[in-house]
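Notes for the structure review
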Amino acid sequence: MEIKYTNNREDYIKGYEKSRKYALRKDVFTLTLTMLTLMGITFFFINEMSSFYNIEITLYIAVISILATMTIITTILLNIMSKKNIQKLIDKLIEARNSTIGPKLIEVKNDIIIHKGEKSYCEYNIKAIDNIYEEDNVLVICIQKINPIILLPLNSFESEEIKNQFINLIKQKSEYLR
């Protein structure tokens, strides 16, 4: 099976979106655990101090509000920074490899996917592929669940039936996609 396609910078941004979200989720989880730890330590010290001083409930509420606000603001900033970082990564990828954007050909032969560009040639073992998903009109073929190796715009398929045949062919030959 052979598929000819052309992709652009936006296809790469869409294709890498899932890996960006995964990394962001991991960062937010770490941030939340850190903030909860800080909140616990703060409450411990406030409780210890309350035995010596008269501390009102408003101090507890103020501490919770400050830490919650810091967590929300940091999460928003992490999201903005991760979007900019993925765009910079894509720009560097395009700059480093002239063949990243432009016409390409994918050919599936036996247990190998041949990925040809104007100045590039790559072979991938189908058995290494462990995830295929659609993200905003881009078919993303991944290894290690979230690392895209091939990004195919959905408009490169002549019909929905051909797209499904391509996906089923990879799923049949892959050890992970069943």
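Looking now at the packing of aromatic side chains. Taken as a whole and judged by the stated rule, the model has one aromatic pair. Ring centres of Phe157 and Phe166 lie 5.8 Å apart, and the angle between their planes is 50 degrees; this geometry places the pair in the tilted category. Of the two residues examined, Phe157 and Phe166, each falls in the buried class.

The sheet built from three strands is open, its strands ordered β5-β6-β7 with antiparallel pairing. Each edge of the open sheet is held by one strand with a lone partner, namely β5 (131–134) and β7 (147–153). Neighbouring strand axes in the sheet, compared pairwise and without regard to direction, differ in orientation by 20 degrees on average. Here four bridges tie β5 to strand β6 (residues 138–143), and the two strands are oriented antiparallel to one another. Following the sheet pairing, Glu134 is matched in β6 by Leu139. Each of β5, β6 and β7 is contacted by helix α4 (residues 160–173), which is oriented at about 5 degrees to β6, the strand it contacts most.

Bridge count for strand β3 (residues 112–117) against strand β4 (residues 121–125) is five bridges, and the pairing is antiparallel. Directly across from Ile112, in β4, lies its bridge partner Asn125. Counted between consecutive antiparallel strands, the loop separating β3 from β4 contains three residues.

About the thresholds
- Residues numbered from 1 in each chain as written.
- Predicted model: local features only at pLDDT ≥ 70, side-chain atom pairs only at ≥ 80, totals over all residues.
- Heavy atoms only, no water.
- Phe/Tyr/Trp six-rings, centres within 6.5 Å; stacked < 30°, edge-to-face > 60°.
- Buried < 20%, exposed > 50% of the residue type's maximum accessible area, 1.4 Å probe, protein only.
- Pairing = 2+ DSSP bridges.
- Helix = DSSP H or I, 4+ residues; strand = E, 2+ residues; numbered from the N terminus.
- Axes fitted to C-alpha atoms, helices over the stretch in contact; angles between N-to-C directions.
- Contact = heavy atoms within 4.5 Å.

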